[in-house]
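Structure assessment
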Amino acid sequence: MCRIPGGLLLGLAAMTVALAAPLTVTSPDGSLAVSFSVDDGRPRYGVTRFGRDLIRPSALGFVIHGAPPLDRDFRVTAENRRTIDETWVQPWGEQAEIRCHCRELRIELTGGEPAARRLTLVFRVFDDGVGFRYEIPAQPGLDSLVIMDELTEFALAGDHRAWWIPAYQPERYEYLYRATSLSEMDRVHTPLTMETADGVCLCIHEAALTDYAGMTLARRAGHTLKADLVPWSDGVRVRATAPLVTPWRTLQVADTPGGLADSRLILNLNEPCRLDDVSWITPAKYVGVWWEMHLGTATWGSGPRHGATTANAKRYIDFAAGHGFGGVLVEGWNVGWDGEWIRNGDLFSFTRPYDDFDLEEVCRYAAENGVRLIGHHETAAGIANYEAQLEEAFALYERLGVRTVKTGYVGYGQQIRRVDEAGRVHHEWHHGQFMVRHYRKVVEAAARHHIMLDVHEPIKDTGIRRTWPNMMTREGARGQEYNAWGGDGGNPPDHTTILPFTRLLAGPMDFTPGIFDLHFPEARPGNRVNTTLAKQLALYVVLYSPLQMAADLPENYRARPDALRFIQDVPVDWRHSRVLHARIGDYVTCVRQDRHSEDWYLGSITDDQGRILDVPLVFLAPGRTYVAEIYRDGRACDWRTNPYDMEILERLVDGSTTLDLRLAPGGGQAIRFRPAKEEDIRRLKDE
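Residues numbered from 1 in each chain as written. Predicted model: local features only at pLDDT ≥ 70, side-chain atom pairs only at ≥ 80, totals over all residues. Heavy atoms only, no water.

Strand order in the open sheet made by the seven strands is β30-β29-β26-β25-β24-β23-β31, with parallel pairing throughout. Each edge of the sheet is formed by a strand with only one pairing partner; in this case those strands are β30 (471-474) and β31 (547-549). With direction set aside, neighbouring strand axes in the sheet form an average angle of 30°. One ladder, built from three bridges, connects strand β24 (residues 327-330) with strand β25 (residues 372-378); its direction is parallel. Residue pairing for β25: L329 is matched across the bridge by I374. (Pairing = 2+ DSSP bridges. Helix = DSSP H or I, 4+ residues; strand = E, 2+ residues; numbered from the N terminus. Axes fitted to C-alpha atoms, helices over the stretch in contact; angles between N-to-C directions.)

This is the structure:
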């Protein structure tokens with residue numbers, strides 16, 4: 001089971017009231033407070049921290065087609081309060097046990113004559129943030145809901161510094177983050193991360209996105225942001241039936257960037273696990289036929305340079321089996337890749353392999369060697385074609401022992417072709433309700449066939465991995481492949497120091513780290529990986545994913561076996577995770593404890609500036625000696641001129657030790673801490 005009840009659920013009986021004074025609910029520690037009022041019939045909310053405004057009074061409500069607006073002429077007719085305090089266990093994750101501790105205020109609104117309209121608002125206030133959602137009960141005249149606009153606002157208290165990517169752009173979420181004031185934004189994706197002038201860190205996002213449109217944010221006058229739901233092609237935002245429960249709108253709050261990264265608020269606002277058996281859901285590391293296609297030395301389509309051949313797949317399986325990797329991803333195995341495949345999503349077959357790829361033999365050979373094939377379904381945004389084959393394709397993989405499937409939705413722009421029942425063609429946005437429904441359909445179908453998912457070109461994560469833990473990881477940002485072919489030369493050194501406090505606040509990311517051959521002048525002369533070798537190792541700790549790829553070619557790993565050892569050792573499933581210190585866009589250091597041993601791992605990375613960071617090892621068990629296996633930038637290391645300079649050393653440490661981490665420009669440091677044995681202590685004391 002995914003949920004362990006524990007703690008206290010206190011409820012007060014609902015009271016019918018008609019209050020003019022604001023209703024207030026505070027976090028358990030009293031630092032955060034939400035106030036709700038009805039001003040001249042219009043519902044408003046605000047958020048304060050230690051009495052200072054974070055969100056000034058802000059609008060709530062909806063515009064419904066063919067019905068009076070649900071934002072006016074309201075009065076409070078009931079309120080209900082309770083405290084939630086429970087602990088639940090993730091089947092996998094960055095933290096094994098999660099405490100959900102908050103205070104809830106449920107407000108029922110009634111208004112409008114002669115037919116009274118009803119709307120419910122639910123606020124949950126945690127020590128680390130706030131979540132609120134709408135519930136539209138079944139009522140006369142609103143059986144069918146056509147939502148034309150959601151009026152939710154976030155009237156921020158200042159022109160904060162913000163890290164953001166633009167919405168409604170061709171490359172979906174795959175943009176470099178900009179750091180500007182709020183007043184310089186237009187329409188942006190969430191998570192939207194901000195820092196106030198006095199250093200408080202904020203993030204606006206959403207939780208439990210199910211059958212609804214994805215929320216972007218549009219800037220209004222001053223520092224006010226408004227929910228901007230991604231529309232259907234006809235302008236409708238959401239089609240639903242009452243009763244309707246919306247996703248949670250979330251505001252995470254922390255004193256430091258690390259506090260945002262350590263928050264579990266998004267997960268806590270999702271429903272408990274729906275799967276009775278999760279034993280088949282297993283985090284793993286994998287290799288695969290992937291990077292060579294991005295380098296251009298192999299092709300997805302058939303022909304003389306076809307990457308997905310039986311022989312090449314077996315070559316990767318041999319490498320995986322010999323180095324402890326659990327999976328091998330093979331892209332381009334199925335018919336449909338020839339020609340301009342991005343425009344021909346309706347031509348993909350998800351059950352028919354190319355003639356030079358024997359799917360059954362590859363799966364047999366993998367199993368014989370203790371490895372599993374990771375399946376691949378690139379749809380090229382041909383949604384109807386994929387859904388028509390979905391059950392058959394997953395059933396085939398299930399029969400062959402494939403437990404993980406990577407899906408993809410590459411297309412031109414964000415437009416998804418949809419044909420309605422009358423045969424009319426529509427073009428939908430990638431992040432609207434049509435695609436939210438599709439992604440959920442795939443997750444549920446995969447669960448029926450005991451298949452885990454790694455989704456590329458996804459809908460953003462909103463924590464549904466708690467409810468459907470086979471939804472393992474996603475892309476949803478600029479990943480490693482941009483270093484191979486990005487027209488701007490790839491991801492700059494600061495990119496991965498921003499991701500933990502923006503994209504990864506939503507959930508795990510399949511960034512595909514671990515490139516050892518940082519230059520490829522023959523394959524891609526205009527590009528390179530803009531990091532040091534040690535930083536590639538540190539990314540396995542800094543960028544969390546339960547499915548982590550060792551993305552480079554086998555020959556490049558064989559050339560550097562000492563560095564490969566860290567990738568072989570580092571886990572993908574954790575008992576505890578903690579950010580020790582960070583400055584968004586500059587540096588981040590985090591530690592994680594293996595769920596299945598007493599080992600800890602540290603990853604520290606920097607932007608293009610070299611740094612020396614002090615790290616007290618207070619997270620280590622007191623009174624115990626550890627061996628620190630250190631992979632660090634060498635003295636002459638620099639990502640521009642000498643990225644391969646790396647030192648590997650061991651030293652004895654304990655919880656009272658403070659390490660000086662020297663990070664080269666564009667560099668990093670990775671450390672494994674394992675409990676010392678007597679022979680370790682004798683050996684290292686003698687050195």
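So that's the structure; there's more coming.
Let us now look at helix α10 (residues 533-542). Of all the 10 residues making up α10, 10 are buried; the element is thus mostly covered by neighbouring parts of the structure. When we look at burial in α10, the residues that qualify are L533, A534, K535, Q536, L537, A538, L539, Y540, V541 and V542. (Buried < 20%, exposed > 50% of the residue type's maximum accessible area, 1.4 Å probe, protein only.)

Before going further, it helps to spend a moment on the packing of aromatic side chains. For the coordinates displayed, the defined rule picks out 29 aromatic pairs. Seen in terms of ring centroids, W291 and F520 are 6.0 Å apart; in terms of plane orientation they differ by 75°. Their pairing is edge-to-face. In this pair, W291 is assigned in helix α3 (residues 291-295) and F520 in the loop between α9 (495-498) and α10, connecting sequence segments 229 residues apart. Relative accessible area serves as the criterion here: at 1%, W291 is assigned to the buried category. We classify F520 as buried; its relative accessible area is 5%. Chaining the aromatic ring pairs together yields one cluster made of W300, W337, W341, F348, F350 and Y386. Taking the ring centre of F434 as reference, the NZ or CZ of R418 above it sits at 5.9 Å. (Phe/Tyr/Trp six-rings, centres within 6.5 Å; stacked < 30°, edge-to-face > 60°. Lys NZ or Arg CZ within 6 Å of the ring centre and 35° of its normal.)

Next up on the list: the pairing of strand β2 (residues 23-26). Successive side chains on a regular strand alternate, one facing one side of the sheet and the next facing the other. The alternating pattern of β2 places L23 and V25 on a buried face, while none of T24 and T26, on the opposite face, is buried. In this sheet, strand β3 (residues 32-39) lies alongside β2 in antiparallel orientation, the contact comprising four bridges. Along β3, the bridge assignment pairs L23 with F36. Counting the residues between successive antiparallel strands, the hairpin from β2 to β3 contains five residues, one of them, G30, with a positive phi of roughly 80°.

Attention now goes to the sheet that holds strand β19 (residues 224-229). Spatial ordering of the open sheet is given by β2-β3-β4-β5-β12-β19-β18-β15, a layout of eight strands whose pairing is antiparallel. A single partner strand is all that each edge strand has here, and the edge strands are β2 and β15 (187-188).

A few words on the pairing of strand β27 (residues 415-419). Covered by surrounding structure in β27 are I416 and R418 only, the residues Q415, R417 and V419 on the alternate face being uncovered. In this antiparallel pair of consecutive strands, β27 and strand β28 (residues 425-429), the connection spans five residues, and G423 shows a positive phi of 85°.

Moving on: the packing of helix α4 (residues 310-323) against helix α5 (residues 359-368). Following both chains from N to C, one finds α4 and α5 inclined at 15°, their axes separated by 10 Å at the closest point. With respect to α5, the element α4 is oriented roughly parallel. When the axes of α4 and α5 are compared, the crossing they make is right-handed. From α4, T310, A313, K314, I317 and D318 reach across to α5, where they touch E361, V362, Y365 and A366. (Parallel < 35°, antiparallel > 145°, perpendicular 65-115°, else oblique. Left-handed = near helix turned anticlockwise from the far one by under 90°. Contact = heavy atoms within 4.5 Å.)

Turning next to the environment of T190. Within the element layout of this structure, T190 appears in the loop between β15 and β16 (192-195). Sequence separation between T190 and M215 is 25 residues; the distance between their C-alpha atoms is 7.4 Å. Ignoring any residue separated from it by four or fewer positions in sequence, one finds T190 in contact with I204, H205, M215, L217 and K460. Side-chain polar atoms of T190 contact the side chain of K460, separated by 2.7 Å. (Polar contact = N/O pair within 3.5 Å; in protein donor to acceptor, adjacent residues only side chain to side chain.)

Turning to the packing of α5 against helix α6 (residues 383-400), a few remarks are in order. At a closest axis distance of 10 Å, the pairing of α5 and α6 adopts a crossing angle of 40°. The angle between the axes of α5 and α6 places the two elements in the oblique class. Taken together, the residues of α6 that come into contact with α5 (itself represented by L359, E360 and C363) are L396, R399 and L400. Considering only residue class, the contact of α5 with α6 consists of four nonpolar, no polar and two charged. (Nonpolar A, V, L, I, M, F, W, Y, C, P; charged D, E, K, R; others polar.)

Among all positions of α5, only L359, V362, C363, Y365 and A366 are buried. When α5 is viewed along its axis, its buried side chains cluster within an angular range of 165° and face the same direction. What points out from α5, more than 90 degrees from its buried face, is the exposed set A367 and E368. Residues of α5 that are buried make contact with α4, β25 and α6. Downstream of α5 by one or two residues, G370 has phi in the positive range, about 75°. (Arc of directions from axis to C-beta.)

Glancing now at the confidence of the model for the chain. Mean pLDDT over the chain works out to 95, with 96% of the residues at or above the 70 mark. Contacts from residues 1-19, a stretch scored under 50 in pLDDT, to residues over four places away or in other chains number 48 contacts. (pLDDT = per-residue confidence, 0-100.)

Our next topic: the nonpolar core. Membership of the largest hydrophobic core comes to 181 residues, with the highest contact counts inside it found for F36, F123, L192, F394 and L453. Ranked by residues supplied to this core, first place goes to helix α7 (residues 433-448) with nine residues. When residues no more than four places from it in sequence are discounted, the contact partners of F36 are P22, L23, P43, R44, Y45, L60, V76, I107, L109, L121 and F123. In this structure, L617, F619, L620 and L663 belong to the second largest nonpolar core, which totals 18 residues. (Core = buried A, V, L, I, M, F, W, Y, C linked by side-chain atoms within 4.5 Å.)

Within the structure shown, the criterion is met by 55 salt bridges. For R124, the salt bridge goes to E104, with nearest N and O atoms at 2.7 Å. Taken as a pair, R124 in strand β9 (residues 117-126) and E104 in strand β8 (residues 97-111) lie far apart in primary sequence, 20 residues in all. The exposure classification of R124 matches that of E104, with both residues buried. One salt bridge in this structure joins R672 and E629, with 3.7 Å as the shortest N-O distance. Of the two residues, R672 is situated in strand β39 (residues 668-675) and E629 in strand β36 (residues 626-633); the sequence distance between them amounts to 43 residues. Residue classification places E629 among the buried residues on the basis of a relative accessible area of 3%. Among the charged side chains, a network of salt bridges with common partners joins R565, D569, D599, E629, E650, R672, R674, D680 and R683. (Salt bridge = Lys/Arg side-chain N within 4 Å of Asp/Glu carboxyl O.)

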